Amino acid sequence: MNRPASSGTVGVSIRNATKHYAGFCALNDVSLEVAPGEFVSVLGPSGSGKTTLLGILGGFVQPSSGSVFLGERDITFAPPHKRDIGIVFQNYALFPHMTVAENVTFPLRARRMPKSEWPAKLKAALEMTELGGFGDRKIHELSGGQRQRVALARAMIFEPRLILMDEPLSALDKQLRETMQIELKHLHRKLAATIIYVTHDQREALTMSDRIAIMNKGRVVQVDAPERLHDHPVDSFVAGFIGEATLLPVSRIDDNSVDLGGTRIVSARPIPHNLKLFLAVHSEKLTVVQDGGDTTANILSGTVSETLYQGESVRIFVDLDHGVRLSLRVPSNHENRSRMKAPGERIAVRLHPDDTIVVPQAP
Amino acid sequence: MSASSTDPSLAHKRGEQRLVLLLLAPSLAVVGCLLIVPLCWLVWQSVRQDGAFTLAHYARFFSDAVYWTTFLQTFRIAFIVTAATVLLGYPIAYVAAGASRRWSIFILAMVILPFWTSVLVRAYAWLILLQRRGLVNSVLTDFGLIQNPLALVNNELGTVIATVHILLPFMVLPLYATMQKIPAELTMAGASLGGTPFYVFTRVFLPLSLPGVVAGMVLVFVLTLGFYITPELLGGGRTYMVSMLVSRNIEVYNEWGAASSISIVLLACVFLVFRLASLIIPFERIMGAR
Ligand SMILES: Nc1ncnc2c1ncn2[C@@H]1O[C@H](COP(=O)(O)OP(=O)(O)OP(=O)(O)O)[C@@H](O)[C@H]1O
Ligand SMILES: [Mg+2]
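Please read all numbers here as calculations on a predicted model, not as lab measurements.

Right, let's talk about the overall build of chain B for a bit. In terms of helices and strands, chain B carries 13 helices and two strands. Radius of gyration (C-alpha) of chain B: 24 Å, far over the 19 Å computed for a compact globule of 290 residues. The principal-axis extent of the C-alpha atoms belonging to chain B is close to 90 × 70 × 35 Å. In chain B, which comprises 290 residues, the share counted as buried stands at 39%. By sequence separation, contacts in chain B at least 24 residues apart represent 72% of the contacts at least 6 residues apart.

A word on the sheet that holds strand 2 (residues 24–34) of chain A. As a general point, the strands of a sheet are linked pairwise by backbone hydrogen bonds and lie either parallel or antiparallel. Across the sheet, four strands lie side by side as 2-1-4-5 (chain A); this open sheet has antiparallel pairing. If you trace the sheet from one side to the other, it starts and ends with strand 2 and strand 5 (73–74) of chain A, each paired once.

With 17 residues of chain B at the contact, the number on the chain A side is 22 residues. Across the chain B to chain A interface the summed buried area is about 1700 Å²; carbon plus sulfur atoms make up 73%. Here chain B and chain A share zero salt bridges between them. Counting every contact that joins chain B to chain A gives three residue pairs in polar contact (both at pLDDT 80 or more). Of all elements in the fold, only helix 8 (184–192) and helix 9 (197–225) of chain B reach the threshold of two or more residues within the side of chain B that touches chain A. Top contributing element to the side of chain B that touches chain A by residue count: helix 8 of chain B, with seven residues.

All names here are of chain A. Surrounding ligand 1, one finds 13 residues, the nearest of these being Ser46, Gly47, Lys50, Thr51 and Thr52. In the environment of ligand 1, an oxygen atom lies 2.7 Å from a nitrogen or oxygen atom belonging to the side chain of Lys50. Here an oxygen atom of ligand 1 and a side-chain polar atom of Thr52 are 2.6 Å apart. Look at ligand 1: alone it shows 640 Å² of surface, and the protein chains cover 60% of it. The set of elements that each furnish at least two residues to the shell around ligand 1 consists of strand 2 and helix 1 (50–58). Here the shell around ligand 1 gets three residues from one element, more than from any other, and that element is helix 1.

Residues and elements named next belong to chain A. One can read the domain layout of chain A as domain 1 (12–228) and domain 2 (232–360). For domain 1 versus domain 2, the separation of C-alpha centres amounts to 38 Å. Contact with domain 1, which involves 10 residues of that partner, is made by nine residues of domain 2. Taking both sides of the interface into account, the surface hidden between domain 1 and domain 2 amounts to around 910 Å²; carbon and sulfur atoms contribute 64%. Counting the surface domain 1 buries against domain 2, the share from its top three residues, Gln202, Gln222 and Arg228, is 48%. Seen at the junction of domain 1 and domain 2, the total is zero salt bridges. Our enumeration of links across domain 1 and domain 2 arrives at five residue pairs in polar contact (both at pLDDT 80 or more). Listed by contribution, the elements that provide at least two residues to the side of domain 1 that touches domain 2 are strand 9 (211–216) and strand 10 (219–224).

Residues and elements named next belong to chain A. Of note, the phi angle at Ala93 is positive, near 50 degrees, even though the residue is not glycine. By the element assignment, Ala93 lies in the loop between strand 6 (85–88) and helix 2 (100–110). On the basis of relative accessible area, Ala93 is assigned to the buried category, the value being 5%. The backbone of Lys217 sits at a positive phi, close to 50 degrees, despite the residue not being glycine. Relative to the helices and strands, Lys217 is located in the loop between strand 9 and strand 10.

In this section: the pairing of strand 10 of chain A. On a regular strand, one side chain projects to one face of the sheet and the next to the other, so that they alternate. Residue and element names in this part refer to chain A. In the sheet, strand 9 pairs with strand 10 via five bridges, with the strands oriented antiparallel. Paired with Met215 across the strands is Val220, a residue of strand 10. Counted along the chain from strand 9 to the antiparallel partner strand 10, the turn is two residues long, and its residue Lys217 has a positive phi close to 50 degrees.

The rules behind the values
- Numbering of residues begins from 1 in every chain and follows the order in which that chain's sequence is written.
- Here every chain gets a letter starting at A, and every ligand a number starting at 1, in the order they are written.
- Local features are withheld for residues below a pLDDT of 70 in this predicted model, meaning they are given only at 70 or higher, and side-chain atom pairs are given and counted only at 80 or more; totals for whole chains, interfaces and linings count all residues.
- Here the side-chain values reflect all heavy atoms present in the structure, with hydrogen atoms and water set aside.
- By definition, any uninterrupted DSSP run of H or I lasting at least four residues is a helix, any uninterrupted run of E lasting at least two residues is a strand, and each is numbered from the N terminus.
- The globule rule used for comparison is 2.2 Å times the number of residues to the exponent 0.38, while the radius of gyration itself is calculated over C-alpha atoms.
- For each residue, the accessible area found with a 1.4 Å probe, counting protein chains only, is set against the maximum for its type, and the residue is called buried under 20%, exposed over 50%, and partly exposed in between.
- The contact definition used throughout considers only heavy atoms, calling two residues in contact when any of these lie within 4.5 Å.
- Strands pair, by our definition, only if DSSP identifies at least two bridges between them.
- Once two parts are brought into contact, the accessible area they lose, counted with a 1.4 Å probe and summed over both, makes up the buried area.
- Throughout this description, the term salt bridge denotes a Lys or Arg side-chain nitrogen within 4 Å of a carboxyl oxygen of Asp or Glu.
- Each polar contact in these results corresponds to two N or O atoms within 3.5 Å; when the atoms are within protein, one needs to be able to donate a hydrogen and the other to accept it, and residues that are neighboring in sequence are counted only if both atoms are side-chain atoms.
- We call a residue near a molecule or strand when any one of its heavy atoms sits within 4 Å of it.
- All accessible areas in this document rest on Shrake-Rupley with a 1.4 Å probe, and a residue is counted as covered only by the protein chains that are shown.
- These domain limits were set by an automatic method or by a database of domain assignments.

See the structure below:
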C-alpha cells in the first residue's frame, strides 16, 4: 500500500467477480483493489472461496461475471500463460522429473528468454531463496521448506508483476512456518512485487500483510489493515474470526453505550443502529480489577469457572452474573499468578471504553 | 549374534514366516505343477531326439529360412501393433484422464467392453467387416471412394487391425492409471509460468506419462508375440507367426522337439523385452503402471 512500487509492479483490480458452480455460488460479487507493491492476504474459513478467487486471478477459473484487471490491462479472458503472474501452489506443484535448476529455469525456457541470461537469473533466484548449491538436486531429495523455496524461486525468476500464493506454508511445521513468514516478508521487500497471499491462519495474515481481505461464504466481508480489522471489525463474523473474541448479545441504550444483562457498557465509538448487536470482547483486552479497586465504569463481574495455564499466558473463564461466559487472558508472570483467583471465587473485570467494540450481526 | 537367538521378536518373526509359507503353499503348488514342471519338460524335449541329447532343434534357427523369417514377421507385426496401439491409445487415455468422472468411466467402459466377448468372436467379426465383399469395402465402393475392393484381410494388414483392436485395452489402462496420477496443479503451474498448452504437454505431461507408455508397450508387444487365433483366421495363410510355427510342428509334422525349441526361444525373447524395458523404468512400475 505504502511501499515504493518498482517500475515492473502493477496493481490488481477484481471487479464484481461472481462464480457459480452448478447451482452453488462459490464467489459472490467480489471486488478487491490491490495497490502496486502491496502485500494483501486473503483470509477466510474453509470453503469461503479463497482458492476460487486465486483461480480467477490465475486464469484457471472462468468467472461467471465480473472482470479482472492487471494494471490497465483487462485479463478476464486471457489464458494463464499470457498473464505474467507467478503462482506458488498450495502443494508447490514442482515438476518431479526435473532438478531444482530445471524447475527454476522452466519459466525462462517456456518464455524463450535468451539462453545467455539464464545462468545469471538462476543464480540470483537461488541466492535470494538461499538455495545456492541445491541446483542439481532432484525434488524428492528436498525438505518441505526447501521445496517451498524452490516454488518461490520458480515463481519469481521471470519477474512477474504479481505473485499469488495459496497457503504456501500450510504443509510446514510451526517453527519452519514462522521462519518462512519472516523470509517471505523480506523477499517481498526486496522484490517490491505485488503479492496476494491466501491463508486460513490469521496470525500469519496479521504478521505479514499490509492489508487483509476477510472472506466468508463467497463474499469479501472486509478489507483493512491488520490493526483496523482487530479494532474495527465490520460485523460479528469478522469480530469472531479475528483474534480470540467472545461475542455477547447486547442491546442499544444510546449513541455510546449498550446494555449487557443489566450492566451499562460504555464505548468510545458510536454504537451502530442495527437491530441485533454484539459486544466483541477480546480476551487480552480485559483487565482484572483488584480488590478495592475502582469499580465505577464498564465492570463485568462473575465467578471464575476455570483457569487454563497455556505457557506464556493463563486463560481465565468467567461466568458472568447474567449467565454468559467469557474468557480473558493474562500474562503468566509471578505477580499475576500469585493473585490468581481460584475457580468458584468472585472476579470483576474491566473493559476499557476504547476497547469496547460493538458490532452488528453478520448477514 | 548369540544374543539374537534369544530375542523374542526374532522367534516371532520366524513363526510368521512359517505361517506365510503355509498360506503360500497352494499357489506355489499350482505354479509349480502348471508352470515350472511343464517348462522343464519343454526344455528337456527341445534338446532330445530319438532318446539322445541333441542341439539339432536349435541349429535349425540358423539353417532353416522359415524359422527366422517367421520370427522376423512376428517381431515386425508386434512393432506395428505396439506403435498403432500407442498412437490410438494415448489420446483415448488422455481424454479419459482429463474428463469428469462420469465421462472417464464411460470412455473406459467403451474400451474394456469388447474384452467380454471372446477373441474368436472378435476375429470373425473383423473377418466379416474387412473381407472383399465386407462392410468396409462395400461402403467405400458405394461412395465411389475406391474402384476395386481393398485387400484388408487375409494378409498382414488384417492381422494387425484385429490385433490392435484386441490389445488396445492393455495400452489404455496402464496409460490411464499413470495419467490420472499426474496432479492437475502441475499443468496449471506450467501454464502460469508461461508455457503454452503444447509446451506444457511436451515438457511436463508427456515425460510424466512415459512410465505408462512403456508399461503399455511392453504388455502389447509381448502379447502380440504370442498371438495365435487372430493371425490364423485373418492372416489368410500369408501371415506366419511364431505361435503358428509351433502348432504346425506339432499338428502337421508331430515334431515335439522342434516345437519346444521354438517356444523356448520365444520365451527368451519375451524375457529380453522385459529386461530392455526395465532399463528404462523399473519392473515393478511396468506391472503396477505407476
Ligand atoms: N469445481 C468445482 N465444482 C463445484 N464446486 C466447487 C468447485 N471448486 C470449488 N467448489 C466449491 O466452491 C467453494 C469454495 O471453494 P474454494 O476452493 O475456493 O474454498 P477455499 O476458501 O479455498 O477453501 P480451503 O480453505 O478449504 O482451501 C467450496 O464450497 C467448494 O466446494
Ligand atoms: Mg483453498
